Amino acid sequence: MKRRHFVWLMVLLLLAGCTLSGQRLPAGDRLRLAYFPNVTHGVALVGVARGAFQEALGPEVTLVTTNFNAGPALVEALFAGEVDIGYLGPNPAINGYVRSNGEAVRIIAGAAEGGAALVVNPEAGINEPPDFAGKRLATPQYGGTQDVALRHLMQQYGLKPADRGGTVTILPSQNPDILTLFRKGELDGAWVPEPWVSRLVLEAGGTVLIDERSLWPEGRFISTVVAVHPRFLREHPDLVEAFLRAHVDTVQYMQAQPATAAQLINQEIERITTRPLPEEVLKRSLSTLEFTYDPLPATLLLAADHAYALGFLGATEPDLQNIYDLALLNKVLGGQGLAPMVLP
């Protein structure tokens, strides 16, 4: 072969993304991972800190991480194809699945359970849900996971929010703003996730009125899931499987080494936000939740029922039959001799 022909052949192979053996280089030469700098996203924080995800993906794939502060924003990034895999709350995942007609979201694993509560101002005179009447309460996001939990509880007691003709004011506010308003006495209560539950208690003198675990069968409910864009799942199942292998390994590491895991969580929170959590806040937060790869699908489907009953999911009850794809998770679990996850 003449030299110029060989050079042109090499150029064509490179442009086509091929090796000389004819095997195409992985189009997914990167995996874009999104998560929050929150305690409830501890698996993502520890997995990144330990390099577990990058190691599982291998040297030819680059892990690109992005941080969000709200589930809806992360879902929009999934919609736009800017994120491949993300850690987020169940209700944003449900909303994203319904809004995209199942085209933008698949839940592939669980990440955390528990870790949310209604905290009240001791001077507000709230001792039980009927006392919400005339009060000002906050949640992190309208239609979000804690917002649905609060509105569902109110519905059970015949209470209506002010935006539906009732007397209970619900203020959707970012978590740091909730803490500020609570300190100023401008809120009577707030339904928030960790570490904000612990911050309201330890830094603002709040009292936990309802630990959300008490409202669920067996005291368990999913608070963080792992979701993937279906196109990425179809085109790069090998990368998703590698990621899930690291996810499961990280959960097991955190369960076996809780003290070290706590240090890594706070280390990553400080790296991302520039401020670590106070030690007592971190300790209390971690005592209220569990890290798990179990997606607890029955609890997510029940949360979807609550959201639909509140009018958040449209006029027709959504079909969530395909919101889960646990095949690769179960493949990973089977390879480690662990029990598979079963859908209800």
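Here the structure is shown first, and the text comes after it.
No experiment lies behind these values; they were computed from the predicted model shown.

Cut-offs and rules
- Each chain has its residues counted from 1, following the order in which its sequence is written.
- Residue-level local features of this predicted model are given only where pLDDT is at least 70; pairs of side-chain atoms are given and counted only at 80 or more, and the full residue set underlies all totals for whole chains, interfaces and linings.
- Excluding hydrogens and water, the side-chain values take into account all heavy atoms of the structure.
- Here, nonpolar core refers to any group of buried Ala, Val, Leu, Ile, Met, Phe, Trp, Tyr and Cys residues whose side-chain atoms link them within 4.5 Å.
- The rule is simple: take the accessible area with a 1.4 Å probe, protein chains only, and divide by the maximum for that residue type; under 20% is buried, over 50% is exposed, in between is partly exposed.
- Only DSSP runs of H or I with at least four residues qualify as helices, and only runs of E with at least two residues qualify as strands; both kinds are numbered from the N terminus onward.
- Salt bridge, as used here: a side-chain nitrogen of Lys or Arg that lies within 4 Å of a carboxyl oxygen of Asp or Glu.
- Two strands pair if DSSP finds at least two bridges between them.
- Comment: axis = line fitted to C-alpha atoms, over the contacting stretch for helices; angle = value between 0 and 180 degrees taken between N-to-C directions.
- When the centres of two rings from Phe, Tyr and Trp lie within 6.5 Å, Trp using its six-membered ring, the rings pair. Their planes under 30 degrees apart give stacked, over 60 give edge-to-face, and anything left gives tilted.
- Put simply, a charge is over a ring when the Lys NZ or the Arg CZ is close to the ring centre, within 6 Å, and near the line of the ring normal, within 35 degrees.
- The reported arc concerns the directions from the helix axis to the C-beta atoms and nothing else.
- Any two residues having at least one pair of non-hydrogen atoms within 4.5 Å are treated as being in contact.

## Examining the nonpolar core
And then number 1: Core analysis: the largest hydrophobic core is formed by 78 residues, its most contacted members being L31, L33, Y87, F243 and L244.
And then number 2: Sorting elements by how many residues they give to this core places helix α10 (residues 237-256) first, with 9 residues.
And then number 3: Membership of the second largest hydrophobic core comes to 19 residues, among which are L137, A149, V168 and A303.

## A short note on the pattern of salt bridges
And then number 1: Applying the stated criterion to the full structure yields 11 salt bridges.
And then number 2: Salt-bridge contacts for R284 lead to E194; the nearest nitrogen and oxygen are separated by 3.4 Å. Note that R284 is positioned in helix α12 (residues 279-286) and E194 in the loop between β8 (189-193) and α8 (196-204), a separation of 90 residues in sequence.
And then number 3: Of the charged contacts in the structure, one is a salt bridge between D211 and R213, with a shortest N-O distance of 2.7 Å.
And then number 4: Bridged by salt links that share partners, the residues D147, R151 and D163 form one connected network.

## What about the sheet that holds β8?
And then number 1: Here we have 5 strands laid out as an open sheet, ordered β7-β6-β8-β5-β9, and mixed in their pairing. Edge positions in the open sheet fall to β7 (169-172) and β9 (207-211), since each of these has one partner strand only. With strand direction ignored, the average angle separating the axes of adjacent strands in the sheet is 25 degrees.
And then number 2: Two elements, strand β5 (residues 116-120) and β8, share 5 bridges in a ladder whose sense is antiparallel. Within the sheet, the bridge partner assigned to A116 lies in β8 and is P193.

## Notes on unusual backbone geometry
And then number 1: At the junction of E194 and P195, the peptide bond is cis and its omega measures out at 10 degrees in the coordinates.
And then number 2: Here P195 is to be found in the loop between β8 and α8.
And then number 3: The phi angle at N101 is positive, at roughly 55 degrees, despite the residue not being glycine.
And then number 4: Examined against the element boundaries, N101 turns out to sit in the loop between α5 (90-99) and β4 (106-114).
And then number 5: Of note in the backbone geometry, E218 takes a positive phi value of approximately 60 degrees without being a glycine.

## Notes on the packing of aromatic side chains
And then number 1: On inspection of all chains with the given rule, the structure shows 4 aromatic pairs.
And then number 2: Arranged with centres 6.3 Å apart and planes meeting at 65 degrees, the rings of Y87 and F243 form a pair that is edge-to-face. In this pair, Y87 sits in strand β3 (residues 85-88) while F243 sits in helix α10, placing the two residues 156 residues apart along the sequence.
And then number 3: Given the relative accessible area of 0%, Y87 is considered buried.
And then number 4: Between W216 and F221 the ring centres are 5.7 Å apart and the planes differ by 20 degrees, which places this aromatic pair in the stacked class.
And then number 5: Of the residues examined, F221 reaches a relative accessible area of 2% and is grouped as buried.
And then number 6: If you follow R50 out to its NZ or CZ, it ends over the ring of Y253, 3.7 Å from the centre.

## Observations regarding helix α2 (residues 42-49)
And then number 1: With 6 of 8 residues buried, α2 is to be regarded as a mostly interior element.
And then number 2: Looking at α2, one finds that the buried residues are G42, V43, A44, L45, V46 and G47.

## Examining helix α14 (residues 327-335)
Two residues of an α-helix separated by three or four positions point the same way, owing to the 3.6 residues in each turn.
And then number 1: Residues of α14 that are buried include every one of L328, L329, V332 and L333, and no others. Down the axis, α14 shows its buried residues gathered within 140 degrees of arc, on one side only. Facing away from the buried surface of α14 by more than 90 degrees, the exposed residues are A327, K331 and G335.
And then number 2: Residues of α14 that are buried make contact with β4, α9 (230-235) and α10.
And then number 3: Among the residues trailing α14, G337 stands out with phi positive, at a value near 70 degrees.

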